[in-house]
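Understanding the architecture of this molecule
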Amino acid sequence: MDIQGVVAEGFEPVRDAFVRNFEVLGDRGAAVAVYRDGRKVVDLWGGTRDAEGAEPWTEDTAQIVRSATKGVAAAVPLLLHQRGLLDLDAPVGTYWPEFKAGGKEKILVRDLLAHRAGVPALDRGLTAAEAADGVSGPHAVAAQHPFWEPGTGHGYHAQTYSWLLSELVLRVTGRTLGSVLAEEIAEPLGLDFWIGLPDAEAEAGRVGRVAPVEPPESAGMLRTRPRRNVSEAYADPASLTRRAFAAIDPLPDENAPAYRAAELPASNGIGTARALARFYGATIGVVEDGARIFTPATTELAAREHSAGPDRVLVVNTRFGAGYMLHGPASPLLSPASFGHPGRGGSLAFADPDAGIGFGYVTNALAKSVTADPRAQALVRALKSAL
């Protein structure tokens, strides 16, 4: 495998693990990047731009990162909070009156960010066109009766998180979440990351195509089966698990131009590993040219536990901060101080304020993993060994 890029002295184990991902764990095209104390120390890429193609992955190749989008999107409401424009302890209905319907009047903005809003699914799944139109999704979640008493537990809002966050930001700012991200975060930091791919980027052909893959036989013990209760939850059409992931039904073509152009903050962010690592580096401190996103108080808020224990959707124990998944058995990150978000199928990005780390990994080979992909975990273990 011809791996391109650079690795600072001492971080060679990350390169070794990245090579092994291709040789043993079935990666097709991927990139990994690491910032430490604001300085880029790993920036690697390899394989093909398309999971089933032959064009080489280049330095500026971008990919869809599925739910790793959520961590980047969460920075927008936290930035609004940091500026005094959004009160996390106010009811969501303060900003979005229609959301009070169906017994949701006491749900706080903080609950929404921490997957405690009780609306991870919809009574009727939306079509891909409805999901992307900017109107149908917010209307559906506003009208939806909660699936549990709000505030009494948490469950992963796999798809509905898109419309919850996007409409909240729209009501507060009058702008879409994707435009705030582009203008207030991505452009100032020089990030190649978009929620709503601009026409210019689409036409430049920078974005590769993703495809599902099966891990090779060489992955050995990593071809493990999930626990029975988890498998049953995903297989049962009536389960909250299945319904949460089917809030868009049928699932959209993630390579379609219309899907990439839509703004779905839960699932369709497109970017580079370098952008993700730099983004997370800027959430915990100053990166190379003096840019940063969060104040120390906002960093602490992002990493503070808001939800923990049995997840009513993922059917495992999960932990969430204000918009971020936290380190735990279901989603191992670098340390208990880490906060970030995995993407179903493989991608992973996070910050670790104790170690000064911003990490990003993207892939076009979408495996069946939800929160702990073996390729991403191999890179995290290698990074830990290098620190």
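Residues numbered from 1 in each chain as written. Predicted model: local features only at pLDDT ≥ 70, side-chain atom pairs only at ≥ 80, totals over all residues. Heavy atoms only, no water.

A closer look at the overall build of the protein chain
Of regular secondary structure, the protein chain possesses 15 helices and 14 strands. Radius of gyration (C-alpha) of the protein chain: 19 Å, near the 21 Å computed for a compact globule of 387 residues. With the C-alpha coordinates aligned to their principal axes, the bounding extent of the protein chain is approximately 55 × 45 × 40 Å. Within the protein chain, buried positions represent 59% of all 387 residues. Considering only residue pairs separated by 6 or more positions, the protein chain has 68% of its internal contacts joining residues 24 or more positions apart. Within the structure as shown, the protein chain displays about 15,000 Å² of accessible surface, and the carbon and sulfur contribution to it stands at 51%. Here the protein chain holds 38 positive side-chain charges and 46 negative ones, and the gap between their average locations is 5 Å. (Helix = DSSP H or I, 4+ residues; strand = E, 2+ residues; numbered from the N terminus. Rg over C-alpha atoms; globule rule 2.2 N^0.38 Å. Buried < 20%, exposed > 50% of the residue type's maximum accessible area, 1.4 Å probe, protein only. Contact = heavy atoms within 4.5 Å. Areas by Shrake-Rupley, 256 points an atom, 1.4 Å probe, with all protein chains shown as cover. Lys, Arg positive; Asp, Glu negative; His and termini not counted. Charge placed at Lys NZ, Arg CZ, Asp CG, Glu CD.)

Quick notes on the packing of aromatic side chains
Evaluation of the coordinates by the stated rule reveals 10 aromatic pairs. Relative to Phe 22, the ring of Phe 18 lies with its centre 5.3 Å away and its plane at 90 degrees, an arrangement referred to as edge-to-face. With a gap of four residues between them, Phe 18 and Phe 22 both fall in helix 1 (residues 12–23), about one helical turn apart. Look at Phe 22 and you get buried, because its relative accessible area is 10%. Aromatic pair Tyr 156 and Phe 320: ring centres 6.2 Å apart, planes at 10 degrees, arrangement stacked. Of this pair, Tyr 156 sits in the loop between helix 6 (136–143) and helix 7 (161–173) while Phe 320 sits in strand 9 (residues 317–320), placing them 164 residues apart in sequence. Take Tyr 156 and Phe 320: they sit in the same class, and that class is buried. Chaining the aromatic ring pairs together yields one cluster made of Tyr 156, Tyr 234, Phe 245 and Phe 320. In this structure, Lys 104 is placed above the aromatic ring of Phe 99, and the distance from its NZ or CZ to the ring centre is 4.9 Å. (Phe/Tyr/Trp six-rings, centres within 6.5 Å; stacked < 30°, edge-to-face > 60°. Lys NZ or Arg CZ within 6 Å of the ring centre and 35° of its normal.)

Concerning the confidence of the model for the protein chain
Chain-level pLDDT for the protein chain is 94 on average; 97% of the residues reach the 70-or-more range. Across residues 221–225, where pLDDT falls below 50, the model places five contacts with residues more than four positions away in sequence or in other chains. (pLDDT = per-residue confidence, 0-100.)

Details of the layout of surface pockets
There is about 190 Å³ of room inside the second largest pocket. In terms of lining residues, the second largest pocket is bounded by Ala 131, Ala 132, Gly 134, Pro 138, Trp 163, Ser 166, Glu 167, Leu 170, Thr 176, Leu 177, Glu 263 and Leu 264. Ranked by residues supplied to the lining of the second largest pocket, first place goes to helix 7 with four residues. Tallied by class, the residues present in the lining of the second largest pocket amount to seven nonpolar, three polar and two charged. (1 Å grid on protein atoms, 1.4 Å probe; cavity = no way out; pocket = protein on both sides within 12 Å on 5 of 7 lines; lining within 4 Å. Points joined across faces, edges and corners; volume = space filled by probe spheres on them. Nonpolar A, V, L, I, M, F, W, Y, C, P; charged D, E, K, R; others polar.)

Brief notes about the sheet that holds strand 4 (residues 63–64)
Taken in spatial order, the three strands line up as 4-7-5 in an open sheet, and their pairing is antiparallel. Edge positions in the sheet fall to strand 4 and strand 5 (193–194), since each has one partner strand and no second. As defined by bridge partners, strand 4 adjoins strand 7 (residues 270–271) across two bridges and the pair is classed as antiparallel. Residue pairing in the sheet places Ile 64 in a bridge with Ile 270 of strand 7. (Pairing = 2+ DSSP bridges.)

Some thoughts on the nonpolar core
Within the largest apolar cluster, 81 residues are counted, with the highest numbers of intra-cluster contacts made by Leu 78, Leu 113, Trp 163, Ile 185, Phe 193, Phe 279 and Tyr 324. Ranked by the residues each element gives to this core, the list is headed by helix 2 (residues 69–82), at eight residues. Sequence-distant contacts of Tyr 324, defined by excluding residues within four places in its chain, comprise Gly 71, Ala 74, Ala 75, Leu 78, Phe 279, Tyr 280, Phe 294, Ala 302, Arg 319, Phe 339 and Gly 340. Counting 28 residues, the second-largest nonpolar core is a separate cluster that includes Leu 333, Leu 334, Leu 348 and Phe 359. (Core = buried A, V, L, I, M, F, W, Y, C linked by side-chain atoms within 4.5 Å.)

Description of the side chain of Lys 70
Note that Lys 70 resides in helix 2. For the buried Lys 70, which has no salt bridge, the nearest side chain bearing the opposite charge is Glu 254, at an N-O separation of 10 Å. In terms of polar contacts, Lys 70 uses its side chain to reach the side chain of Ser 67, at 2.8 Å. Discounting residues that sit within four places of it in the chain, Lys 70 has contacts with His 115, Tyr 156, His 157, Ala 158, Tyr 161, Pro 265, Ala 266, Gly 323 and His 341. (Salt bridge = Lys/Arg side-chain N within 4 Å of Asp/Glu carboxyl O. Polar contact = N/O pair within 3.5 Å; in protein donor to acceptor, adjacent residues only side chain to side chain.)

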